[in-house]
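Here is how the chains run, residue by residue.
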Amino acid sequence: MPAAIIVSHGQPSDPDPAQADLERFTTRVAEALPGWHVGAATLAAPGALDAALDAAGPAPLVYPLFMTEGWFTGDNLRKRLSGAQEAHVLRPLGVSPELPDLASEVLREVLADRGWQAGETQLFIAGHGSGRSPNSARDTRGFAEAVAVRTRFAEMRVGFVEQAPYLADQAAGLGARAICLPFFAAILGHVIDDIPEALNGAGFQGVRLDPIGCAPGVPALVARALLAEAAQTPK
């Protein structure tokens, strides 16, 4: 039986709700993968990854439900998997070539619902950023640029929680005909606290969307990535 594990960061201060949320997401991925074993593990939940590896058996595919390539999806995750037999790590959600198309569909639905034209609307991508590595900003901007090519907004801005340009600075001056799309995987931490605080402080009056990782099409996207990787992986 093919096996996969969906891995996310989780919430170190309160790991159980994030683990439960990831398990619900994984159930939707598994619905698109009949005959597969699909497990879930947040890195913050003690013992969750070890338990998922035990249940998956040898040579599982590991899908990082992260938005950027960096320390967590590289050194940290691979170190945590060092005892697993032939575990194979895929690239994370945020750099999926399908994600900009999915985001564009979501944005076009928002525009249609409000009767707005993209050419008269501003788009604000809210990302995490990092004061220690350029990777987070690089991958966030790469996503934003890919979305901009697909849907021509009047203006697109990118702001970050942990580096300049910061969220509040980039959100300032946006009109009421604006959309904020968080480049995050789940409704946790920064999405609950920092992004609303920054938008409120900037007087943002536009549409506030859930993180792109919560879009309805994401579980099927992950399932397709796993199927494609399984087809390429030597048996």
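Residues numbered from 1 in each chain as written. Predicted model: local features only at pLDDT ≥ 70, side-chain atom pairs only at ≥ 80, totals over all residues. Heavy atoms only, no water.

If you look the chain up in an unreviewed UniProt entry, it shows as Sirohydrochlorin ferrochelatase from Roseovarius tolerans.

Draft legend 1. Examining helix H7 (residues 194–201) more closely. The complete set of buried residues in H7 reads Ile 195, Ala 198 and Leu 199. What you see down the axis of H7 is that its buried residues fit within an arc of 95°, all on one side. Exposed and oriented more than 90 degrees from the buried face of H7 are Glu 197, Asn 200 and Gly 201. Each element contacted by the buried residues of H7 is listed here: strand E5 (122–127), helix H6 (167–171), strand E7 (178–182) and strand E8 (207–208). Gly 203 occupies a position one or two residues after H7 and carries a positive phi of about 70°. (Buried < 20%, exposed > 50% of the residue type's maximum accessible area, 1.4 Å probe, protein only. Helix = DSSP H or I, 4+ residues; strand = E, 2+ residues; numbered from the N terminus. Arc of directions from axis to C-beta. Contact = heavy atoms within 4.5 Å.)

Draft legend 2. How the structure looks around the sheet that holds E5. As summarised here, the arrangement of the four strands in space is E6-E5-E7-E8, forming an open sheet in which the pairing is parallel. At either end of the open sheet lies a strand with only one pairing partner, and these are strand E6 (155–160) and E8. Sheet topology places E5 next to E6; six bridges connect them, and they run parallel. Directly across from Phe 124, in E6, lies its bridge partner Arg 157. Those strands touched by helix H5 (residues 135–150) are E5, E6 and E7, and its axis lies near 165° from that of E6. (Pairing = 2+ DSSP bridges. Axes fitted to C-alpha atoms, helices over the stretch in contact; angles between N-to-C directions.)

Draft legend 3. View of the domain arrangement of the chain. Assigned domains within the chain: domain 1 (3–93 + 216–232) and domain 2 (98–214). Taking only C-alpha atoms into account, the centre of domain 1 sits 25 Å from that of domain 2. Every contact between the two is made by 15 residues of domain 1 and, on the other side, 17 residues of domain 2. Looking only at domain 1, the three residues that lose the most surface to domain 2 are Met 67, Thr 68 and Leu 221, adding up to 38% of its buried area. One can count one salt bridge joining domain 1 with domain 2. Two residues, Arg 224 and Glu 98, come together in a salt bridge whose shortest N-O distance is 2.5 Å. Along the contact surface separating domain 1 from domain 2 lie three residue pairs in polar contact (both at pLDDT 80 or more). At the level of secondary structure, the elements contributing two or more residues to the side of domain 1 that touches domain 2 comprise helix H1 (15–31) and helix H8 (218–232). Tallied by class, the residues present in the side of domain 1 that touches domain 2 amount to eight nonpolar, four polar and three charged. (Domains from an automatic or database assignment. Buried area = accessible area lost by both parts, 1.4 Å probe. Salt bridge = Lys/Arg side-chain N within 4 Å of Asp/Glu carboxyl O. Polar contact = N/O pair within 3.5 Å; in protein donor to acceptor, adjacent residues only side chain to side chain. Nonpolar A, V, L, I, M, F, W, Y, C, P; charged D, E, K, R; others polar.)

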